[in-house]
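Listed here are the chains, written in short residue letters.
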Amino acid sequence: MIRLGIIGATGSIGVQAMGILNSNRGRFQLKFATAHTRRAELESLTVNHGSHGVPELFVTSEVGSQPVLDAIHLENIDILLVASEGVSGLEYTYAAAKAGVPVALANKESLVLGGHILMPIFAEMGGGSQMFGGVSGGGVSGDAFSTMFGSANTQPQAVRPSVIPVDSEHSAIFQSLMGQDMSSVAKIVLTASGGPFRKFTPSMMAGITREMALFHPNWSMGQKITVDSSTMMNKGLELIEARYLFDMPSDKIDVVVHGESIVHSYVVFKDGATMAQMGIPSMLAPIAFALGYPHRLETGLPTFDMLKYPTLSFEAPDTVRFPALGLAQEALKVDKPCVYIGLNAANDTAVAGLLNDTIGYNDIARVVAHILDSEFLYKTDTSTMDGVQSLVDEVQHKSTQYMKKLR
């Protein structure tokens, strides 16, 4: 039985994770769960998961709540699902890494802001590598593969990697790389739906409203990530996440727009072979893969039928219409934690401004560009968690000040 903690149980990912627990009774013991404010919903979601002891429930709007941090250290869990949005997940991911608790990571900001701190800790947990027995070296040895992936009869808690991505794109890359020699990888390619504005002309882009940005044609997600998907900043953040997860240089990480969202991402190898993971657009599959690893769980999803998708389309992203993605690609080339932090924190502040009707949709990229052009980014020591938080605070303050000039 897998002992589990969930950060952000009432969000989109958390609710779907609870559904997976319901579909796989007897495989999980929920030790604790958190919510930002919605206690009644949290209690309702977890009421059926007390057969092996009543789970602790934490409702707190405080980032880095001490009772939650204590639970991560003391509850003796096998895996922590970090499913909260934004910067709130970073401190809990860090606490899990320090406690030696494997993480199912659905909070990309944790790596964008703190990947330079987190990944060495995860690597130490995994005996020198957080995944695959050697992501950046000369490949996966038989012993390493056996240790990290085990056999069909191996107990999950004995072989689970120290961090497993829950984002559908990174889960697809993870699955495509299983058992592969990493030195043979030519590039990894993240697919993007293109969001609701994929076919908009430049003049149409100028008229986008908050309400339009909160609709996504393929995926059901929280408000912040839905807006990020519409600007394609979500894909930009995923590029940085992939850089840390798979230890790939920027010239080996690419993006293509794939409107059907059937191919969730793929890996191109030096011999010309391509490995892709496919399925209908649903977060249930990557959540279940991360929680049940190395076993595949029941999700209730229908069996994928290729005959229903005789034509799949792919195209290059347009960074003129989607400047946020272009800004993230430039940040990836610079490859400095302070730039990643600036990109993420400025975007967080700008998206909050849109959701609060403080700025317009097209102002989001303007705010991020303004911050990335600022010298102050390079003046803060970001080698510690305190340094990261200090720079986040400064970026948020300067972004807020700049946003006042836009309206």
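Structure shown above.
A few points on the structure. (Residues numbered from 1 in each chain as written. Predicted model: local features only at pLDDT ≥ 70, side-chain atom pairs only at ≥ 80, totals over all residues. Heavy atoms only, no water.)

## Quick word on the side chain of Asn107
Mapped onto the fold, Asn107 is located in the loop between strand 5 (103–105) and helix 5 (108–125). With a relative accessible area of 0%, Asn107 lands in the buried category. Apart from the residues lying within four places of it in its own chain, the contact partners of Asn107 are Val82, Ser84, Glu85, Gly86, Gly89 and Leu90. (Helix = DSSP H or I, 4+ residues; strand = E, 2+ residues; numbered from the N terminus. Buried < 20%, exposed > 50% of the residue type's maximum accessible area, 1.4 Å probe, protein only. Contact = heavy atoms within 4.5 Å.)

## Here's the deal with the nonpolar core
Nonpolar side chains in soluble globular proteins tend to end up buried together. If you look at the biggest cluster of nonpolar residues, it comprises 121 residues, and the most contacted ones within it are Leu81 and Leu343. With 11 residues, the single largest contributor to this core is helix 15 (residues 337–355). Not counting the four nearest positions on each side in its chain, Leu81 is found in contact with Leu4, Gly5, Ile6, Ile7, Ile13, Ala17, Ala104, Val166 and Leu291. Grouped together as the second largest cluster of nonpolar side chains are 5 residues, Val189, Val256, Val263 and Tyr266 included. (Core = buried A, V, L, I, M, F, W, Y, C linked by side-chain atoms within 4.5 Å.)

## Looking at the pairing of strand 8 (residues 253–257)
Counting buried positions along strand 8 yields 4 of 5 residues, so the element is predominantly enclosed. Taken together, the 5 bridges between strand 7 (residues 185–192) and strand 8 define a ladder with parallel strand orientation. Considered in strand 8, the bridge of Thr191 is made with Val256. (Pairing = 2+ DSSP bridges.)

## Structural notes on unusual backbone geometry
Following Tyr293, the chain continues into Pro294 via a peptide bond in cis, with omega recorded as 5 degrees. Positive phi, normally seen in glycine, also occurs at Asp335, with a value near 55 degrees. Mapped onto the secondary structure, Asp335 falls in the loop between helix 14 (323–334) and helix 15. Look at Asp335 and you get partly exposed, because its relative accessible area is 33%.

## Considering the sheet that holds strand 9 (residues 263–269)
Strand order in the open sheet made by the 4 strands is 8-7-9-10, with mixed pairing throughout. The outermost strands of the open sheet, each flanked by one partner alone, are strand 8 and strand 10 (274–278). Neighbour to neighbour, the strand axes of the sheet diverge by 20 degrees on average, direction disregarded. With 5 bridges connecting them, strand 9 and strand 10 associate as antiparallel partners. Note on strand 10: the bridge partner recorded for Val267 is Met275. On the sheet, helix 8 (residues 168–177) packs against strand 7, strand 9 and strand 10 and is oriented at approximately 40 degrees with respect to strand 9. (Axes fitted to C-alpha atoms, helices over the stretch in contact; angles between N-to-C directions.)

## Describing helix 1 (residues 12–23)
Over its 12 residues, helix 1 extends 17 Å from the first C-alpha to the last, a length consistent with the 16 Å expected when each residue adds 1.5 Å. When helix 1 is considered as a whole, its buried residues turn out to be Ile13, Gly14, Gln16, Ala17, Met18, Ile20 and Leu21. Looking at the packing, one finds that the buried side of helix 1 touches strand 1 (2–7), strand 2 (28–35), helix 2 (39–46), strand 4 (79–82) and helix 13 (284–292). (Expected span 1.5 Å × (residues − 1).)

## A short note on the sheet that holds strand 3 (residues 56–59)
Read across the sheet, 6 strands follow the order 3-2-1-4-5-6 without closing on themselves; strand pairing throughout is parallel. What marks the edges here is a single partner per strand, and that holds for strand 3 and strand 6 (163–165). Taken pair by pair, the neighbouring strands of this sheet meet at an average axis angle of 20 degrees, ignoring direction. Bridge analysis of strand 2 against strand 3 gives 4 bridges, and the strand direction is parallel. Across the sheet, Phe32 pairs through a bridge with Glu56, a residue of strand 3.

## Here's the deal with the packing of aromatic side chains
Applying the stated criterion across every chain, the model contains 8 aromatic pairs. Relative to Tyr309, the ring of Phe304 lies with its centre 5.5 Å away and its plane at 20 degrees, an arrangement referred to as stacked. Owing to a relative accessible area of 25%, Phe304 belongs among the partly exposed residues under this scheme. On the basis of relative accessible area, Tyr309 is assigned to the partly exposed category, the value being 30%. A network of ring pairs unites the aromatic residues Phe174, Phe289 and Tyr293 as a single cluster. One Lys or Arg, Arg243, reaches over the ring of Tyr244 and ends 5.1 Å from the middle of that ring. Just above the ring of Phe376 sits the side chain of Lys398; from NZ or CZ to the centre is 5.1 Å. (Phe/Tyr/Trp six-rings, centres within 6.5 Å; stacked < 30°, edge-to-face > 60°. Lys NZ or Arg CZ within 6 Å of the ring centre and 35° of its normal.)

## Quick word on the environment of Arg210
Mapping Arg210 onto the fold places it in helix 10 (residues 210–213). Separated by 150 residues in the primary sequence, Arg210 and Gly360 have C-alpha atoms spaced 7.4 Å apart. Setting aside residues no more than four positions away along its own chain, Arg210 makes contact with Gln223, Leu354, Leu355 and Asp357.

## Quick look at the pattern of salt bridges
Using the criterion set out here, one finds 18 salt bridges in the structure. The shortest N-O distance in the salt bridge between Glu109 and Lys224 comes to 3.1 Å. Taken together, the residues span a long stretch of sequence, with Glu109 in helix 5 and Lys224 in helix 11 (residues 223–231) at a distance of 115 residues. For the residue pair Glu109 and Lys224, the accessibility class agrees, reading buried in each case. Between Asp254 and Lys187 there is a salt bridge, and its shortest N-O distance comes to 3.7 Å. Taken as a pair, Asp254 in strand 8 and Lys187 in strand 7 lie far apart in primary sequence, 67 residues in all. Judged by relative accessible area, which is 31%, Asp254 ranks as partly exposed. (Salt bridge = Lys/Arg side-chain N within 4 Å of Asp/Glu carboxyl O.)

## Remarks on helix 11
Most of helix 11 sits inside the fold, with 7 of its 9 residues counted as buried. Along helix 11, the residues classified as buried are Lys224, Thr226, Val227, Asp228, Ser229, Ser230 and Thr231. Elements in contact with the buried residues of helix 11: helix 5, helix 10, helix 12 (233–245), helix 14, helix 15 and helix 16 (363–372). Remark: Met232 follows helix 11 within two positions and exhibits a positive phi of approximately 70 degrees.

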